[in-house]
Amino acid sequence: MGAVYYAVNGKLIRRNNRITDKSECIKYNRSNLTNADTVGYVRQQTMLGDRGYNTISIDATAIANKQLGLGVNYSQIRQVRDVFLDQTYREESGRLAFYETYYSAIEEVETLLGEMDGASFQLSLDGLWVSIQELAKDPDSSVTQGLLMQRAYTFMTDAKAVYQGLCDYQDNLNRDIKNMVDEINEYGAKIKDLNEQIIKIETGGIEKANDLKDERNRLVDELSGLANIEYMTDAFGNTLVKIEGHMFVTPEKVNEIGYQLDEAATFYDVFWKDDTRLAKNSDGVEFYYGVEDAAVFDLSQDIATSMDTDIGELKALMITRGDHRANYTDLMAKYNDEGEMTATAADEYAKISDSVLMTVQAEFDRLVHGVVSVVNGALEQAWASGDGTYMSDGKGNPMQIFHRETADVSEAEDIYNSETLFTTSNLIINMELMQTPAKLSFMKPDGSVDYDTAELLKTSFEEKTMVLNPDNTNPMGISDYYASLVAHVANNGAVYKSIRDNEQITVDSTENARQQIIGVSTDEELSNMIRFQNAYNASSRYINVISEMLEHLLNALG
């Protein structure tokens, strides 16, 4: 029998005593009614058992002995649950949380791309394109040169704002991962503590700790949304829990999940503490050694419902966040010093394709890199075709509108060196040209206007030389590229929204079916109370009639 709560003067009173009469059973119905809206409460049901028989006579030739029944007693109060519905609900709620996290990330990305203090990034890109078109009409005009520099600066600042927004959201997910690991460990500790309390109460075989079991099952429900769990009850009544196939809650302890910043001190690695060991660095600071071999999640697996690899909010956060700040090099093939390909573009893209944030970071950075390559490339080509003085910065280098924060102008771009990359995070404007746009002279040494370079800048912007990613190799120009990027995000959002909505329907239908069993029906409980009350009154009337008959006989015969 579990603990009972019934209302007395508007307060919930807990009882742990055994049922001794019908009035006690009514109190249990009151408990169900009182807790009808209590989260996690499971309907309790009264179980009746035989009290035994008085043997009047034994006859070996008869079919049965003559016995007189003594009625029934109330043997226990049990919880009403369906283990199969519980299992289905917990699995599907974990899958719902996984796709809900994915969809929320895509919504955030759509906001960052579409809105930036009320203006979309598309306006910045269009503004730069308009300035290039105007420059092609009148290259030597200080007005068109100034417009180009102004729009280039706006493009750069807006691009950096979008990319920084993606990085900030990545950091938010990183903090969510840390907090969720703490939450999971806390759930594990509470489940273990409840296991101990329940065993203490039920060891004597008299009481049933149903109220504590309700809380334990509620914690398992919550935990199932955070991670892919397996659970069972051992012979002693402990609820044991596995996460991703690894023992989490055991009768003896909770195998906690740990987190530790990676080598770049950027993101948290998530691992099993019991599979690592503590060590100290040269400064005496403790750290976990062997984290790579103790990872909680195998993120190299394909995401598929058939493989149950799409369950749990924590895993979705890990995948969505990714493991580094992505840029355009994550969409490129890699080569060794001998020029041999070590990884194809498809191989590199496969490493980030499951993360919506890293995918958009890389694709967006490719757009920015493409714009920089077109603008700076046209000016460098004009410089290279002359005597070294035309389109020169005066230091023997070509004039460039975009510079890098961490590299000298003369340093060649090297995809294996993050400091020399023209990436969004590394981009700055040429402040000398920004302050004096007229230095961007399109006047050749012979005094003629350089329409060719201005036209090259325009045609390069329109050329269909870019591809979105290794899975989408349709050639496109810069303006079409951004539209394709936004469409790619929107299509993914529509897909994950559909999956999320279907999972929500599945979870809701399963929970409705589960509530039909574990939930409290006020009409049913009220009818039971009336039934027990009438039975109690009928018994009382029976006793009163017998008492009156005996009293009449005694008085009449006396």
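Now for a description of the structure that goes with this document. (Residues numbered from 1 in each chain as written. Predicted model: local features only at pLDDT ≥ 70, side-chain atom pairs only at ≥ 80, totals over all residues. Heavy atoms only, no water.)

### Structural notes on unusual backbone geometry
For clarity, the threshold we go by: Numbering of helices and strands runs from the N terminus, with a helix taken as a DSSP run of H or I at least four residues long and a strand as a DSSP run of E at least two residues long. Exposure classes here rest on a 1.4 Å probe applied to the protein chains alone. A residue is buried below 20% of its type maximum, exposed above 50%, and partly exposed in between.
Located in the positive-phi region is D308, a residue other than glycine, with phi close to 55°. Structurally, D308 is set in the loop between β13 (286-289) and α6 (313-321). Among the residues examined, D308 registers a relative accessible area of 33% and is labelled partly exposed. Phi at M391 is positive, roughly 55°, even though this residue is not glycine. Assignment of secondary structure puts M391 in the loop between α8 (356-384) and β16 (402-404). Owing to a relative accessible area of 5%, M391 belongs among the buried residues under this scheme.

### Some thoughts on the pairing of β13
To keep it simple, the criterion reads: At least two bridges found by DSSP between two strands is the condition for calling them paired.
Bridge analysis of strand β12 (residues 277-280) against β13 gives four bridges, and the strand direction is antiparallel. Directly across from K280, in β13, lies its bridge partner E286.

### As for the sheet that holds strand β7 (residues 229-233)
For clarity, the threshold we go by: For helices, the fitted axis covers only the stretch in contact; all axes are lines through C-alpha atoms, and the angles between them, taken along N-to-C directions, range from 0 to 180 degrees. We call two residues in contact whenever any of their non-hydrogen atoms come within 4.5 Å of each other.
Ordered in space as β7-β8-β9, the three strands form an open sheet in which the pairing is antiparallel. The open sheet has two edge strands, β7 and β9 (246-249), and neither has a second partner. With direction set aside, neighbouring strand axes in the sheet form an average angle of 30°. Sheet strands in contact with helix α5 (residues 210-226) are β7, β8 (239-243) and β9, and its direction is about 160° off that of β7.

### Some words on the pattern of salt bridges
As a reminder of what qualifies: The salt bridge criterion pairs a side-chain nitrogen of Lys or Arg with a carboxyl oxygen of Asp or Glu, the two atoms within 4 Å.
Under the criterion given, the structure shown has 25 salt bridges. A salt bridge links E92 to R95; the shortest N-O distance between them is 3.2 Å. Of the two residues, E92 and R95 both sit in helix α2 (residues 83-114), three residues apart, roughly one turn of that helix. Across the pair, exposure class does not vary: E92 and R95 are buried alike. D310 is the salt-bridge partner of R95, the closest N and O atoms lying 3.0 Å from each other. Taken together, the residues R95 in helix α2 and D310 in the loop between β13 and α6 connect sequence positions 215 residues apart. The class of R95 is buried, set by a relative accessible area of 1%. D310 gets classed as buried once you look at its relative accessible area, which sits at 0%. Among the ionic contacts, a cluster of salt bridges with common partners joins R81, D86, R90, D221, E511 and R514.

### With respect to the packing of aromatic side chains
Convention followed: Pairing of aromatic rings covers Phe, Tyr and Trp, the last counted by its six-membered ring, and requires centre-to-centre distances within 6.5 Å; plane angles under 30 degrees mean stacked, over 60 mean edge-to-face, and any other angle means tilted. Definition used: whenever NZ (Lys) or CZ (Arg) falls within 6 Å of the ring centre and also within 35 degrees of the ring normal, the charge is taken to sit over that ring.
With the rule as written, the count across this model stands at twelve aromatic pairs. Between the aromatic rings of F98 and Y99, the centroid separation amounts to 5.2 Å while the plane-to-plane angle is 75°, which identifies the pairing as edge-to-face. Using a relative accessible area of 0% as the deciding quantity, one classes F98 as buried. You can call Y99 buried: its relative accessible area is 7%. Centre to centre, the rings of F98 and Y102 are 5.1 Å apart; their planes meet at 20°, and the pair counts as stacked. Of this pair, F98 and Y102 both sit in helix α2, four residues apart, which is roughly one turn of the helix. Following the ring pairs from residue to residue traces out a cluster consisting of F121, F155, F364, F402 and Y482. One cation-aromatic arrangement involves R404 over F422; the distance from NZ or CZ to the ring centre is 4.4 Å. Here R514 stacks its cationic end above the ring of Y89, 4.1 Å away from the centre of that ring.

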